[in-house]
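Coordinate inspection notes
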Amino acid sequence: MTVKFCWKKFLILISFASSIHCSTKGTSVSDHFDGEKFFNPVDQKSKTFSDLLKWQWNRNAVKWDEQTNEKIPEPVTELKIGEFALTFINHSTFLIQIQTSKKLVNIITDPMFSMRTSPLSFIGPKRVRPPGMEIDKLPTIDIALVSHNHYDHMDYKSLETINEKFSPLFVLPLKNSQYLNFSKKPRIQEKDWNESVDIPELGIKIHVLRAHHWSRRSFNDTNEALWCAFMIETDHATIYFAGDTGYKDHFKQTKKMFPNISLALLPIGAYEPRWFMEDAHMNPEDAVKAHQDLAPKRSIGIHFGTFPLTDEGIGQPVLDLEKAKKAANVNNFEVLKEGETKIFTD
């Protein structure tokens with residue numbers, strides 16, 4: 001028991017360090033980059049090592065039990081123009097299928113199919129629920145969106161497998177492409193906030209947008225790679241993927257840029273204790289405020305129910321979301337079961 005406890009503390013305190021390092025040389029100074037590090041342009045707060053120690057040595061985490069999935073989906077093979085399908089795989093991983101005027105486009109967000117959110121296969125936060133769709137059941141992936149470099153969002157093994165099988169276009173925020181050191185060279189578009197990737201052969205445009213977060217993949221690369229949200233835009237639909245973020249004014253800014261959002265995917269989990277997590281992760285009440293700021297036709301919750309990363313119980317995000325929705329009189333914000341597919345018409 002003592003050995004297990006010590007390993008857990010050790011791994012948390014080194015922040016799941018790996019040997020990868022990413023240079024920021026050549027990036028222009030901006031309102032979110034100082035020449036060496038990226039930063040949040042408003043309310044920049046950084047937790048100290050002593051803050052981390054305080055949290056870890058005073059944790060009151062609820063134990064998560066192993067879970068099974070109720071649904072086993074099959075990818076959609078046909079949609080009408082203007083329709084899109086959404087399959088919740090797990091955590092922040094969704095299969096988004098959009099019928100454009102060109103073809104049925106398959107997009108995956110922050111693909112995470114591994115057992116642990118760690119650079120090591122034998123230790124680190126372990127999934128308590130299998131993916132809602134296995135990686136070998138995916139349809140041909142056209143685009144993979146990766147919001148930032150934390151291990152629960154940028155899973156090297158999953159990304160390498162997807163690259164090997166499908167050769168999709170990877171869209172990432174600045175300075176993240178150097179982490180995708182695959183044997184088969186990937187196709188990559190790396191963009192700053194408020195830049196976009198136009199893919200006319202698919203009838204899709206991907207916008208890279210501001211989020212309020214941070215990055216680290218190893219000991220010595222804190223905030224040397226950018227983090228982001230994405231907007232997927234077609235002639236018929238506009239789909240927002242928030243990535244990982246705290247609640248700030250960027251949602252209102254996004255609404256001004258995109259006044260008619262079809263669907264917003266908003267994180268609702270990994271939020272306790274608030275004194276430590278508030279700046280980087282929304283809780284369900286924050287997610288409802290973000291939903292109101294964006295004013296989409298509908299929102300769906302992400303980033304919950306798979307990995308015990310923080311102190312709340314496995315079911316608490318969904319319960320707290322229902323309370324927050326009721327308090328705000330919101331009825332167009334839901335969660336899907338792992339493996340559940342919904343088809344929408346904008």
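Structure's up top.
Given the structure is predicted, the values throughout are model-derived calculations rather than measurements. (Residues numbered from 1 in each chain as written. Predicted model: local features only at pLDDT ≥ 70, side-chain atom pairs only at ≥ 80, totals over all residues. Heavy atoms only, no water.)

On to the overall build of the protein, then. Of the regular secondary structure elements, the protein holds 7 helices and 14 strands. A compact globule built from 346 residues would reach a C-alpha radius of gyration of about 20 Å, and the protein, at 19 Å, matches this within 12%. If you line up the protein on its principal axes, its C-alpha atoms span 55 × 50 × 40 Å. When burial is assessed residue by residue, the protein has 58% of its 346 residues classed as buried. Taking the intrachain contacts of the protein between residues at least 6 apart in sequence as the baseline, contacts between residues at least 24 apart amount to 71%. With the model as given, the accessible surface of the protein reaches about 15,300 Å², and the carbon-plus-sulfur share is 50%. The averaged location of the 44 negative side-chain charges in the protein is 2 Å from the averaged location of its 43 positive side-chain charges. (Helix = DSSP H or I, 4+ residues; strand = E, 2+ residues; numbered from the N terminus. Rg over C-alpha atoms; globule rule 2.2 N^0.38 Å. Buried < 20%, exposed > 50% of the residue type's maximum accessible area, 1.4 Å probe, protein only. Contact = heavy atoms within 4.5 Å. Areas by Shrake-Rupley, 256 points an atom, 1.4 Å probe, with all protein chains shown as cover. Lys, Arg positive; Asp, Glu negative; His and termini not counted. Charge placed at Lys NZ, Arg CZ, Asp CG, Glu CD.)

Note: strands within a sheet are paired through backbone hydrogen bonds, in either parallel or antiparallel orientation. Strand order in the open sheet made by the 7 strands is S6-S5-S4-S3-S2-S1-S14, with mixed pairing throughout. Whereas interior strands pair on both sides, the edge strands pair on one side only; in this sheet they are strand S6 (187-191) and strand S14 (341-345). Here the average twist between neighbouring strands, direction ignored, is 20 degrees. When strand S3 (residues 104-109) meets strand S4 (residues 143-145), the two strands line up parallel, connected through 3 bridges. (Pairing = 2+ DSSP bridges. Axes fitted to C-alpha atoms, helices over the stretch in contact; angles between N-to-C directions.)

Packing of helix H6 (residues 284-294) against helix H7 (residues 316-328) brings their axes to within 8 Å, and their N-to-C directions diverge by 45 degrees. Between H6 and H7, the angle falls in the class oblique. Note that H6 runs across H7; the crossing there is right-handed. Between H6, through Pro 284, Glu 285, Val 288 and Gln 292, and H7, the contact on the second element is made entirely by Pro 317, Asp 320, Leu 321, Ala 324, Lys 325 and Ala 328. Residue composition of the contact of H6 with H7, by class: 6 nonpolar, 1 polar and 3 charged. (Parallel < 35°, antiparallel > 145°, perpendicular 65-115°, else oblique. Left-handed = near helix turned anticlockwise from the far one by under 90°. Nonpolar A, V, L, I, M, F, W, Y, C, P; charged D, E, K, R; others polar.)

All told, the structure shown has 11 salt bridges when counted by the stated rule. We note a salt bridge from Glu 224 to Lys 37, for which the minimum N-O separation is 3.7 Å. Of the two residues, Glu 224 is situated in the loop between strand S8 (204-209) and strand S9 (229-233) and Lys 37 in the loop between helix H1 (2-13) and helix H2 (49-57); the sequence distance between them amounts to 187 residues. In this structure Glu 224 comes out as buried when scored by relative accessible area, which is 12%. Here the residues in one salt-bridge network are Asp 43, Lys 248 and Asp 279, joined through shared partners. (Salt bridge = Lys/Arg side-chain N within 4 Å of Asp/Glu carboxyl O.)

By the element assignment, His 91 lies in the loop between strand S1 (83-90) and strand S2 (93-99). Of note is the side chain of His 91, whose polar atom sits 2.8 Å from the side chain of Asp 152. Discounting chain neighbours no more than four positions away, the residues touching His 91 are Asp 152, His 153, Ile 302, His 303, Phe 304, Thr 306, Phe 307 and Leu 309. (Polar contact = N/O pair within 3.5 Å; in protein donor to acceptor, adjacent residues only side chain to side chain.)

Turning next to the sheet that holds strand S7 (residues 195-199). Across the sheet, which stays open at both edges, the 7 strands sit in the order S7-S8-S9-S10-S11-S12-S13 with mixed pairing between neighbours. Unpaired on one side and paired on the other, S7 and strand S13 (333-334) mark the two borders of the sheet. Here 4 bridges tie strand S11 (residues 263-267) to strand S12 (residues 299-302), and the two strands are oriented parallel to one another. Its bridge partner being in S12, Leu 265 is matched across the sheet by Ile 300. This element, helix H4 (residues 250-257), spans S8, S9, strand S10 (238-241) and S11 of the sheet and lies at about 165 degrees to S10.

This next bit is on the nonpolar core. If you look at the biggest cluster of nonpolar residues, it comprises 58 residues, and the most contacted ones within it are Ile 143, Ile 206, Tyr 240 and Leu 266. Ile 143 has contacts with Val 105, Asn 106, Ile 107, Ile 108, Pro 168, Leu 169, Val 171, Ile 199, Leu 202, Ile 204 and Ile 206, leaving out every residue within four places of it along the chain. Ile 89, Leu 138, Ala 144 and Ile 162 belong to the second largest nonpolar core, which has 20 residues in total. (Core = buried A, V, L, I, M, F, W, Y, C linked by side-chain atoms within 4.5 Å.)

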